[in-house]
Amino acid sequence: MSPEETGKKYGTLLGVFIPSILTILGAIMYLRFGWVVGNSGLYSTLSIVILANIITLITAFAVSSLATSQRVGIGGAYFLISRSLGVEVGGAIGLPLYLSQSISLTLYCYALAESLQMLWPGAPIQPLAGLFIVLVTAGALKATALVLKSQVIIFALVLLSIVSLMMGADWGAPIAIQEGNYLAEDATGYWQVFAVFFPAVTGILTGLSLSGDLKDPEKSLPIGTLAAVLLGFAIYLIIPLALAHYSDPGELRSNPLIWTKIASIPFLVFPGLIAAILSSAIGSILSAPRTLQALAQDGVLPERIGETTDGEPKFAMYLSGGVALIAVLLGDLNAVATVVTMFFLTTYCMINIIAGLEALVSNPSFRPRMRVKWYYCFLAALGCFLVMM
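Rules of the game
Residue numbers restart at each chain and count upward from 1, following the sequence in its written direction. The predicted origin of the model limits local features to residues at a pLDDT of at least 70 and limits the giving and counting of side-chain atom pairs to 80 or more, whereas totals for whole chains, interfaces and linings rest on all residues. Hydrogens and waters are ignored; side-chain quantities use all the structure's heavy atoms. Strands are runs of DSSP state E lasting at least two residues, helices are runs of H or I lasting at least four, and both sets are numbered from the N terminus onward. Each radius of gyration is computed over the set of C-alpha atoms, and the globule rule expresses the reference value as 2.2 Å times the number of residues to the power 0.38. In this scheme, a residue with accessible area under 20% of its type's maximum is buried, one over 50% is exposed, and one in between is partly exposed, where area comes from a 1.4 Å probe on protein chains only. When checking whether two residues touch, look at their non-hydrogen atoms; a contact exists if any pair is within 4.5 Å. In what follows, salt bridge is the name for a side-chain nitrogen of Lys or Arg lying within 4 Å of a carboxyl oxygen of Asp or Glu. Only buried residues count toward a nonpolar core. Its members are Ala, Val, Leu, Ile, Met, Phe, Trp, Tyr and Cys residues joined through side-chain atoms within 4.5 Å. Interaxial angle, 0 to 180 degrees, is taken between N-to-C directions of lines fitted to C-alpha atoms, where a helix line uses only the stretch in contact. Note that the term roughly parallel is reserved for angles under 35 degrees, roughly antiparallel for angles over 145, roughly perpendicular for angles of 65 to 115, and oblique for everything else. Here a crossing is taken to be left-handed if its near helix is turned anticlockwise relative to the far helix by less than a right angle, and right-handed if that turn runs clockwise. Note on residue classes: Ala, Val, Leu, Ile, Met, Phe, Trp, Tyr, Cys and Pro are nonpolar, Asp, Glu, Lys and Arg are charged, and everything else, Gly too, is polar. Between rings of Phe, Tyr and Trp, where Trp is taken as its six-membered ring, a pair exists when centres lie within 6.5 Å; planes separated by under 30 degrees are stacked, by over 60 edge-to-face, and by other angles tilted. Only lysine NZ and arginine CZ atoms are considered, and such an atom sits over a ring when it is within 6 Å of the ring centre and within 35 degrees of the ring normal. Cavity and pocket criteria rest on a 1 Å grid covering protein atoms alone: a 1.4 Å probe that fits but cannot get out defines a cavity, protein on both sides within 12 Å along at least 5 of 7 lines defines an open pocket, and an atom within 4 Å of a point defines a lining residue. Grid points are joined across faces, edges and corners, and a volume is the space filled by probe spheres set on the points.

K.L.:
Honestly, the overall build of the protein chain in this entry has me stumped. Any pointers?
P.N.:
Each helix and strand counted, the protein chain has 16 helices and 0 strands in total. Computed over the C-alpha atoms, the radius of gyration of the protein chain is 20 Å, within 12% of the 21 Å expected from 2.2 N^0.38 for a compact globule of 389 residues. Each of the three principal axes of the protein chain carries a C-alpha extent, and together these read 60 × 45 × 35 Å. Relative to its full complement of 389 residues, the protein chain shows a buried share of 59%. Contacts in the protein chain between residues at least 24 apart in sequence constitute 83% of all its contacts with a sequence separation of at least 6.

K.L.:
Explanation requested: the pattern of salt bridges in the structure shown.
P.N.:
Where side chains of opposite charge bring their charged atoms close, a pairing between them can arise. A full pass over the atoms with the stated rule returns 3 salt bridges. One salt bridge connects Lys261 with Glu251, and the closest N-O pair in it is separated by 2.5 Å. Remark: Glu251 occurs in helix H10 (residues 249-254) and Lys261 occurs in helix H11 (residues 259-262); sequence separation between them is 10 residues. Of the residues examined, Glu251 reaches a relative accessible area of 16% and is grouped as buried. As a salt-bridge pair, Arg304 and Glu307 come within 3.5 Å of each other at their nearest N and O atoms. Exposure remark for Arg304: the relative accessible area of 45% places this residue in the partly exposed category. Glu307 sits in the partly exposed class, given a relative accessible area of 43%.

K.L.:
For this particular structure, what's the right way to read the environment of Val163?
P.N.:
Locating Val163 in the fold gives a position in helix H6 (residues 125-168). Note on Val163: relative accessible area 45%, which makes it partly exposed. Taking the C-alpha atoms as reference points, Val163 and Leu268, separated by 105 residues in sequence, lie 9.5 Å from one another.

K.L.:
Honestly, the side chain of Thr347 in this entry has me stumped. Any pointers?
P.N.:
Position of Thr347 among the secondary structure elements: in helix H15 (residues 333-361). Of the residues examined, Thr347 reaches a relative accessible area of 0% and is grouped as buried. Leave out the neighbours within four places in its chain, and Thr347 touches Ala77, Pro96, Leu97 and Leu205.

K.L.:
Explain helix H7 (residues 190-197) here, please?
P.N.:
Think of an α-helix as 3.6 residues a turn; residues three or four steps apart then line up on the same face. Taken together, the buried positions of H7 are Val193, Phe194, Ala195, Val196 and Phe197. Against the buried residues of H7 lie helix H3 (27-67), helix H9 (217-244), H15 and helix H16 (374-388).

K.L.:
Whenever I open this one, the nonpolar core confuses me. Can you help?
P.N.:
One recurring pattern in soluble globular proteins: nonpolar side chains tend to sit buried together. Counting 132 residues, the largest nonpolar core has Leu25, Met29, Phe197, Tyr236, Ile239, Leu243 and Trp259 as the members making the most contacts within it. The leading source of residues in this core is H3, at 21 residues. Not counting residues within four places of it along the chain, the set of residues in contact with Trp259 comprises Met29, Tyr30, Ser161, Ile162, Leu165, Ile239, Leu243 and Val269.

K.L.:
Looking at this structure, I do not really get the packing of helix H2 (residues 12-24) against H9. What am I missing?
P.N.:
The axes of two packed helices give the description: the angle between them and the distance between them. Contact geometry of H2 with H9 gives a least axis separation of 8 Å together with a crossing angle of 30°. Put simply, H2 runs roughly parallel to H9. By crossing handedness, the relation of H2 to H9 is classed as right-handed. Each of Thr12, Val16, Phe17, Ser20, Ile21 and Ile24 in H2 lies in contact with H9, whose residues at this interface are Ser220, Leu221, Ile223, Gly224, Thr225, Ala227, Ala228, Val229, Leu231, Gly232 and Tyr236. Among the residues forming the contact of H2 with H9, the class breakdown is 11 nonpolar, 6 polar and no charged.

K.L.:
Help me understand the packing of aromatic side chains in this model?
P.N.:
In this description, an aromatic ring pair is defined by two values, namely the gap between the centres and the angle between the planes. Tallied over the entire structure, the rule returns 13 aromatic pairs. Between Tyr30 and Trp259, the ring centres sit 4.8 Å apart and the planes meet at 50°, which makes this aromatic pair tilted. With Tyr30 in helix H3 and Trp259 in helix H11, the pair connects residues that are 229 residues apart, well separated along the chain. Neither residue differs from the other here; Tyr30 and Trp259 are each classed as buried. An aromatic cluster of three or more residues is present, and its members are Tyr190, Trp191, Phe194, Phe198, Phe344 and Tyr348. Residue placement shows Arg304 over the ring face of Phe315; its charged tip is 4.2 Å from the ring centre.

K.L.:
Would you mind going over the environment of Val89 with me for this structure?
P.N.:
For Val89, the position within the fold is in helix H5 (residues 87-119). The sequence separation of Val89 and Lys373 amounts to 284 residues, and the corresponding C-alpha distance is 23 Å.

K.L.:
Where do I start with the layout of surface pockets in this structure?
P.N.:
One way to see where empty space is left: roll a probe the size of a water molecule over the atoms. The calculated volume of the second largest pocket comes to roughly 240 Å³. Taken together, 16 residues make up the lining of the second largest pocket; nearest its centre are Arg32, Glu114, Arg253, Ser254 and Pro256. When contributions to the lining of the second largest pocket are tallied by element, the ones reaching two or more residues are H3, H5, H10 and H15. The element best represented in the lining of the second largest pocket is H3, accounting for 4 residues.

K.L.:
Would you mind going over unusual backbone geometry with me for this structure?
P.N.:
A negative phi angle is the norm for most residues apart from glycine, just as the trans form is the norm for most peptide bonds. One non-glycine residue, Tyr182, lies in positive phi territory at about 50°. Overall, the relative accessible area of 23% leaves Tyr182 in the partly exposed class.

So, in C-alpha coordinates, the structure goes:
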(Lines give C-alpha, C1' and ligand atoms only; values in the text may rest on other atoms or scores of the structure.)
Protein backbone atom coordinates (compact mmCIF):
# COMPACT_ATOMS: atom_id res chain seq x y z
CA MET A 1 0.00 0.00 0.00
CA SER A 2 1.17 3.53 -0.70
CA PRO A 3 1.53 6.03 2.11
CA GLU A 4 -1.46 7.89 0.72
CA GLU A 5 -3.72 4.88 1.04
CA THR A 6 -2.52 3.72 4.40
CA GLY A 7 -2.74 7.23 5.81
CA LYS A 8 1.00 7.34 6.52
CA LYS A 9 2.44 10.68 5.49
CA TYR A 10 5.98 12.00 5.68
CA GLY A 11 7.29 15.28 7.03
CA THR A 12 9.96 17.70 5.81
CA LEU A 13 12.98 15.68 6.95
CA LEU A 14 12.10 12.18 5.73
CA GLY A 15 9.76 13.19 2.91
CA VAL A 16 11.77 15.94 1.19
CA PHE A 17 15.14 16.90 2.65
CA ILE A 18 16.88 13.53 3.00
CA PRO A 19 15.59 12.01 -0.29
CA SER A 20 16.65 15.21 -2.10
CA ILE A 21 20.09 15.49 -0.50
CA LEU A 22 20.76 11.78 -1.06
CA THR A 23 19.99 12.24 -4.77
CA ILE A 24 22.35 15.25 -4.87
CA LEU A 25 25.17 13.56 -2.94
CA GLY A 26 25.14 10.48 -5.14
CA ALA A 27 26.81 8.71 -8.03
CA ILE A 28 28.29 11.73 -9.83
CA MET A 29 29.82 13.07 -6.63
CA TYR A 30 31.63 9.82 -5.91
CA LEU A 31 32.49 8.55 -9.39
CA ARG A 32 32.94 11.68 -11.52
CA PHE A 33 34.06 14.61 -9.34
CA GLY A 34 37.68 13.55 -9.69
CA TRP A 35 37.18 13.24 -13.48
CA VAL A 36 35.70 16.76 -13.55
CA VAL A 37 38.61 18.25 -11.57
CA GLY A 38 41.19 16.27 -13.55
CA ASN A 39 39.87 17.60 -16.87
CA SER A 40 38.65 21.10 -16.01
CA GLY A 41 41.09 22.09 -13.29
CA LEU A 42 40.12 23.60 -9.96
CA TYR A 43 38.94 27.01 -11.12
CA SER A 44 36.79 25.80 -14.01
CA THR A 45 35.37 23.07 -11.77
CA LEU A 46 34.34 25.67 -9.21
CA SER A 47 32.69 27.70 -11.99
CA ILE A 48 30.82 24.58 -13.15
CA VAL A 49 29.64 23.94 -9.58
CA ILE A 50 28.55 27.55 -9.10
CA LEU A 51 26.72 27.82 -12.45
CA ALA A 52 24.92 24.49 -11.99
CA ASN A 53 23.90 25.35 -8.45
CA ILE A 54 22.71 28.87 -9.34
CA ILE A 55 20.39 27.36 -11.98
CA THR A 56 19.22 24.73 -9.50
CA LEU A 57 18.80 27.18 -6.61
CA ILE A 58 16.65 29.60 -8.62
CA THR A 59 14.63 26.65 -9.92
CA ALA A 60 14.18 25.48 -6.32
CA PHE A 61 12.76 28.91 -5.44
CA ALA A 62 10.49 28.69 -8.50
CA VAL A 63 9.30 25.23 -7.47
CA SER A 64 8.72 26.49 -3.92
CA SER A 65 6.73 29.46 -5.23
CA LEU A 66 4.49 27.27 -7.39
CA ALA A 67 4.13 24.57 -4.73
CA THR A 68 3.01 27.08 -2.07
CA SER A 69 0.39 28.57 -4.38
CA GLN A 70 -1.56 25.38 -5.05
CA ARG A 71 -2.02 21.86 -3.79
CA VAL A 72 0.50 19.65 -5.58
CA GLY A 73 -1.03 16.42 -6.85
CA ILE A 74 0.41 13.22 -8.29
CA GLY A 75 3.10 13.88 -10.85
CA GLY A 76 5.03 16.61 -9.06
CA ALA A 77 6.61 18.93 -11.63
CA TYR A 78 4.25 17.71 -14.38
CA PHE A 79 1.27 18.61 -12.19
CA LEU A 80 2.57 22.16 -11.63
CA ILE A 81 3.27 22.70 -15.35
CA SER A 82 -0.01 21.22 -16.61
CA ARG A 83 -2.14 23.15 -14.11
CA SER A 84 -0.40 26.41 -15.01
CA LEU A 85 -0.13 26.16 -18.82
CA GLY A 86 -2.73 23.52 -19.59
CA VAL A 87 -2.66 19.78 -20.11
CA GLU A 88 -1.48 20.12 -23.73
CA VAL A 89 1.70 21.98 -22.79
CA GLY A 90 2.05 19.94 -19.63
CA GLY A 91 1.94 16.74 -21.65
CA ALA A 92 4.68 18.00 -23.98
CA ILE A 93 6.93 18.79 -21.02
CA GLY A 94 5.81 15.71 -19.10
CA LEU A 95 7.58 13.45 -21.60
CA PRO A 96 11.12 14.85 -21.13
CA LEU A 97 10.45 14.98 -17.38
CA TYR A 98 9.48 11.32 -17.41
CA LEU A 99 12.50 10.38 -19.52
CA SER A 100 14.85 12.29 -17.18
CA GLN A 101 13.46 10.30 -14.25
CA SER A 102 13.48 6.87 -15.91
CA ILE A 103 16.89 7.29 -17.56
CA SER A 104 18.26 8.46 -14.21
CA LEU A 105 17.74 4.84 -13.14
CA THR A 106 20.10 3.86 -15.96
CA LEU A 107 22.62 6.41 -14.70
CA TYR A 108 22.58 5.00 -11.17
CA CYS A 109 22.77 1.39 -12.36
CA TYR A 110 25.79 2.26 -14.51
CA ALA A 111 27.30 3.75 -11.36
CA LEU A 112 26.65 0.51 -9.48
CA ALA A 113 28.25 -1.47 -12.30
CA GLU A 114 31.34 0.79 -12.30
CA SER A 115 31.64 0.41 -8.54
CA LEU A 116 31.49 -3.37 -8.84
CA GLN A 117 34.12 -3.28 -11.59
CA MET A 118 36.55 -1.74 -9.12
CA LEU A 119 36.19 -4.88 -6.99
CA TRP A 120 35.87 -7.25 -9.95
CA PRO A 121 38.21 -6.08 -12.74
CA GLY A 122 37.01 -7.05 -16.15
CA ALA A 123 33.33 -7.09 -15.15
CA PRO A 124 31.09 -6.27 -18.16
CA ILE A 125 29.64 -2.83 -17.45
CA GLN A 126 26.64 -2.79 -19.82
CA PRO A 127 25.27 -6.25 -18.94
CA LEU A 128 25.70 -5.52 -15.23
CA ALA A 129 23.90 -2.17 -15.57
CA GLY A 130 21.02 -3.93 -17.33
CA LEU A 131 20.88 -6.61 -14.63
CA PHE A 132 20.78 -3.98 -11.86
CA ILE A 133 17.91 -2.17 -13.63
CA VAL A 134 15.89 -5.40 -13.68
CA LEU A 135 16.64 -6.13 -10.02
CA VAL A 136 15.88 -2.58 -8.80
CA THR A 137 12.63 -2.44 -10.78
CA ALA A 138 11.48 -5.89 -9.66
CA GLY A 139 12.29 -5.20 -6.02
CA ALA A 140 11.26 -1.55 -5.84
CA LEU A 141 7.94 -2.10 -4.09
CA LYS A 142 9.44 -4.18 -1.31
CA ALA A 143 12.59 -2.09 -1.07
CA THR A 144 10.73 1.22 -0.80
CA ALA A 145 9.73 0.77 2.82
CA LEU A 146 13.26 -0.32 3.69
CA VAL A 147 14.79 2.74 2.00
CA LEU A 148 12.40 5.13 3.74
CA LYS A 149 13.23 3.59 7.11
CA SER A 150 16.99 3.51 6.52
CA GLN A 151 17.55 6.79 4.66
CA VAL A 152 18.77 8.56 7.81
CA ILE A 153 21.42 5.84 8.19
CA ILE A 154 22.29 6.17 4.48
CA PHE A 155 22.70 9.93 4.92
CA ALA A 156 25.02 9.33 7.89
CA LEU A 157 27.13 6.91 5.80
CA VAL A 158 27.43 9.52 3.03
CA LEU A 159 28.48 12.22 5.49
CA LEU A 160 31.08 9.88 7.04
CA SER A 161 32.62 9.22 3.62
CA ILE A 162 32.79 12.98 2.92
CA VAL A 163 34.43 13.63 6.30
CA SER A 164 36.91 10.83 5.57
CA LEU A 165 37.79 12.51 2.25
CA MET A 166 38.29 15.88 3.94
CA MET A 167 40.53 14.34 6.61
CA GLY A 168 42.61 12.44 4.07
CA ALA A 169 43.23 15.35 1.69
CA ASP A 170 46.76 16.78 1.70
CA TRP A 171 45.76 20.40 2.29
CA GLY A 172 49.39 21.49 2.51
CA ALA A 173 50.28 20.20 -0.96
CA PRO A 174 50.17 22.51 -3.99
CA ILE A 175 47.12 22.42 -6.25
CA ALA A 176 47.97 19.77 -8.84
CA ILE A 177 45.79 21.10 -11.64
CA GLN A 178 44.58 24.71 -11.71
CA GLU A 179 43.58 25.11 -15.37
CA GLY A 180 41.66 22.73 -17.61
CA ASN A 181 43.36 20.38 -20.08
CA TYR A 182 40.44 18.09 -21.12
CA LEU A 183 42.74 15.16 -21.84
CA ALA A 184 40.14 12.41 -21.35
CA GLU A 185 38.68 11.04 -24.59
CA ASP A 186 35.08 11.86 -23.58
CA ALA A 187 35.91 15.34 -22.23
CA THR A 188 35.86 17.50 -25.36
CA GLY A 189 35.63 20.78 -23.46
CA TYR A 190 34.06 22.78 -20.66
CA TRP A 191 30.42 22.18 -21.60
CA GLN A 192 30.87 18.44 -22.07
CA VAL A 193 32.24 18.23 -18.54
CA PHE A 194 29.39 20.44 -17.32
CA ALA A 195 26.86 18.05 -18.92
CA VAL A 196 28.37 15.06 -17.11
CA PHE A 197 28.36 16.93 -13.78
CA PHE A 198 24.88 18.52 -13.93
CA PRO A 199 22.86 15.42 -12.86
CA ALA A 200 24.62 15.80 -9.50
CA VAL A 201 22.43 18.83 -8.70
CA THR A 202 19.08 17.53 -9.96
CA GLY A 203 17.73 16.23 -6.66
CA ILE A 204 15.24 19.08 -6.22
CA LEU A 205 12.47 17.23 -8.06
CA THR A 206 12.71 14.15 -5.82
CA GLY A 207 10.57 15.54 -3.00
CA LEU A 208 8.21 17.15 -5.50
CA SER A 209 7.64 13.82 -7.26
CA LEU A 210 6.48 12.25 -3.99
CA SER A 211 4.37 15.27 -2.99
CA GLY A 212 1.24 13.15 -2.61
CA ASP A 213 2.92 11.29 0.27
CA LEU A 214 3.65 14.43 2.35
CA LYS A 215 1.75 15.60 5.43
CA ASP A 216 1.99 19.29 4.49
CA PRO A 217 3.43 19.75 0.97
CA GLU A 218 3.11 23.56 1.06
CA LYS A 219 5.38 23.71 4.10
CA SER A 220 7.68 20.74 3.52
CA LEU A 221 8.53 21.24 -0.17
CA PRO A 222 10.12 24.72 0.04
CA ILE A 223 11.93 24.13 3.33
CA GLY A 224 13.21 20.65 2.50
CA THR A 225 14.14 21.44 -1.10
CA LEU A 226 16.00 24.69 -0.39
CA ALA A 227 17.83 23.18 2.59
CA ALA A 228 19.01 20.24 0.45
CA VAL A 229 20.19 22.53 -2.39
CA LEU A 230 22.11 24.85 -0.05
CA LEU A 231 23.79 22.01 1.84
CA GLY A 232 24.71 20.30 -1.43
CA PHE A 233 26.11 23.57 -2.79
CA ALA A 234 28.32 24.03 0.26
CA ILE A 235 29.65 20.46 0.09
CA TYR A 236 30.27 20.72 -3.66
CA LEU A 237 32.42 23.81 -3.14
CA ILE A 238 34.62 21.96 -0.66
CA ILE A 239 35.11 18.61 -2.44
CA PRO A 240 36.99 20.05 -5.49
CA LEU A 241 39.44 21.72 -3.14
CA ALA A 242 40.20 18.38 -1.48
CA LEU A 243 40.58 16.58 -4.83
CA ALA A 244 42.69 19.31 -6.47
CA HIS A 245 45.53 18.76 -3.99
CA TYR A 246 46.00 15.15 -5.17
CA SER A 247 49.41 14.80 -6.81
CA ASP A 248 48.40 12.82 -9.92
CA PRO A 249 45.92 14.62 -12.26
CA GLY A 250 46.02 11.64 -14.61
CA GLU A 251 44.62 9.36 -11.94
CA LEU A 252 41.93 11.90 -11.13
CA ARG A 253 40.73 11.53 -14.72
CA SER A 254 41.06 7.75 -14.99
CA ASN A 255 40.19 6.34 -11.56
CA PRO A 256 36.43 6.57 -10.79
CA LEU A 257 37.10 5.61 -7.17
CA ILE A 258 39.84 8.15 -6.55
CA TRP A 259 38.14 8.87 -3.22
CA THR A 260 39.52 5.61 -1.84
CA LYS A 261 43.07 6.82 -2.58
CA ILE A 262 42.55 10.12 -0.74
CA ALA A 263 40.17 9.33 2.15
CA SER A 264 41.75 8.83 5.56
CA ILE A 265 39.55 5.75 6.10
CA PRO A 266 39.06 4.31 2.58
CA PHE A 267 36.58 1.58 3.55
CA LEU A 268 34.08 4.28 4.59
CA VAL A 269 33.73 5.34 0.94
CA PHE A 270 32.10 2.14 -0.34
CA PRO A 271 29.15 1.98 2.11
CA GLY A 272 28.28 5.63 1.42
CA LEU A 273 28.65 5.14 -2.34
CA ILE A 274 26.54 1.97 -2.63
CA ALA A 275 23.86 3.15 -0.20
CA ALA A 276 23.49 6.55 -1.91
CA ILE A 277 23.30 5.00 -5.39
CA LEU A 278 20.71 2.41 -4.37
CA SER A 279 18.61 5.05 -2.64
CA SER A 280 18.72 7.29 -5.73
CA ALA A 281 17.94 4.38 -8.06
CA ILE A 282 14.87 3.41 -6.09
CA GLY A 283 13.84 7.08 -5.92
CA SER A 284 13.97 7.21 -9.73
CA ILE A 285 11.88 4.08 -10.22
CA LEU A 286 9.30 5.53 -7.81
CA SER A 287 9.19 9.01 -9.37
CA ALA A 288 8.95 8.10 -13.07
CA PRO A 289 5.83 5.89 -12.79
CA ARG A 290 3.99 8.62 -10.88
CA THR A 291 4.61 11.03 -13.73
CA LEU A 292 3.18 8.47 -16.17
CA GLN A 293 0.25 7.92 -13.80
CA ALA A 294 -0.52 11.65 -13.79
CA LEU A 295 -0.29 11.81 -17.60
CA ALA A 296 -2.74 8.90 -17.84
CA GLN A 297 -5.16 10.49 -15.37
CA ASP A 298 -5.22 13.64 -17.51
CA GLY A 299 -5.98 11.62 -20.63
CA VAL A 300 -2.62 12.32 -22.28
CA LEU A 301 -1.80 8.60 -22.18
CA PRO A 302 -4.08 5.53 -22.14
CA GLU A 303 -5.75 4.85 -18.79
CA ARG A 304 -4.19 1.39 -18.67
CA ILE A 305 -0.76 2.93 -18.08
CA GLY A 306 -1.91 4.72 -14.91
CA GLU A 307 -3.77 1.82 -13.31
CA THR A 308 -2.68 0.99 -9.78
CA THR A 309 -2.33 -2.29 -7.91
CA ASP A 310 -2.20 -2.11 -4.12
CA GLY A 311 -1.93 1.66 -4.45
CA GLU A 312 1.14 1.57 -6.74
CA PRO A 313 1.25 2.18 -10.54
CA LYS A 314 2.90 -1.17 -11.19
CA PHE A 315 2.36 -1.22 -14.95
CA ALA A 316 3.95 2.25 -15.25
CA MET A 317 6.77 1.08 -13.00
CA TYR A 318 7.70 -1.87 -15.19
CA LEU A 319 7.32 0.28 -18.31
CA SER A 320 9.78 2.74 -16.77
CA GLY A 321 12.18 -0.11 -16.06
CA GLY A 322 11.95 -1.04 -19.75
CA VAL A 323 12.82 2.51 -20.82
CA ALA A 324 15.80 2.50 -18.45
CA LEU A 325 16.88 -0.86 -19.87
CA ILE A 326 16.81 0.48 -23.43
CA ALA A 327 18.89 3.49 -22.32
CA VAL A 328 21.71 1.10 -21.38
CA LEU A 329 22.49 1.09 -25.10
CA LEU A 330 23.69 4.72 -24.80
CA GLY A 331 27.06 3.27 -23.89
CA ASP A 332 28.41 4.42 -20.52
CA LEU A 333 27.79 6.60 -17.48
CA ASN A 334 29.07 9.80 -19.12
CA ALA A 335 26.82 9.37 -22.17
CA VAL A 336 23.77 8.68 -19.99
CA ALA A 337 24.56 11.67 -17.76
CA THR A 338 24.65 13.97 -20.79
CA VAL A 339 21.22 12.79 -21.97
CA VAL A 340 19.76 13.13 -18.46
CA THR A 341 21.15 16.68 -18.28
CA MET A 342 19.31 17.72 -21.46
CA PHE A 343 15.98 16.39 -20.19
CA PHE A 344 16.39 17.98 -16.76
CA LEU A 345 17.37 21.33 -18.28
CA THR A 346 14.20 21.25 -20.40
CA THR A 347 12.08 20.68 -17.30
CA TYR A 348 13.93 23.29 -15.24
CA CYS A 349 13.55 25.82 -18.05
CA MET A 350 9.75 25.38 -18.18
CA ILE A 351 9.36 25.52 -14.39
CA ASN A 352 11.22 28.83 -14.31
CA ILE A 353 9.21 30.26 -17.23
CA ILE A 354 5.93 29.36 -15.51
CA ALA A 355 6.97 30.83 -12.16
CA GLY A 356 8.26 33.96 -13.91
CA LEU A 357 5.05 34.43 -15.92
CA GLU A 358 2.85 33.92 -12.87
CA ALA A 359 4.80 36.58 -10.95
CA LEU A 360 5.04 38.96 -13.92
CA VAL A 361 1.32 39.08 -14.82
CA SER A 362 0.22 39.13 -11.17
CA ASN A 363 -2.33 36.35 -11.66
CA PRO A 364 -5.01 36.82 -8.93
CA SER A 365 -5.11 33.07 -8.31
CA PHE A 366 -1.33 32.97 -7.82
CA ARG A 367 -0.84 33.60 -4.11
CA PRO A 368 2.33 31.76 -3.02
CA ARG A 369 3.66 31.78 0.51
CA MET A 370 7.15 32.08 -0.93
CA ARG A 371 7.65 34.64 -3.69
CA VAL A 372 10.51 34.95 -6.17
CA LYS A 373 11.14 37.85 -8.55
CA TRP A 374 10.08 37.16 -12.13
CA TYR A 375 13.39 38.29 -13.61
CA TYR A 376 15.34 35.73 -11.55
CA CYS A 377 13.14 32.97 -12.98
CA PHE A 378 13.58 34.22 -16.54
CA LEU A 379 17.34 34.50 -15.99
CA ALA A 380 17.48 30.87 -14.84
CA ALA A 381 15.33 29.79 -17.80
CA LEU A 382 17.70 31.62 -20.16
CA GLY A 383 20.64 29.94 -18.45
CA CYS A 384 19.05 26.50 -18.99
CA PHE A 385 18.47 27.30 -22.68
CA LEU A 386 22.00 28.58 -23.27
CA VAL A 387 23.57 25.61 -21.52
CA MET A 388 21.49 23.23 -23.67
CA MET A 389 22.79 24.99 -26.78
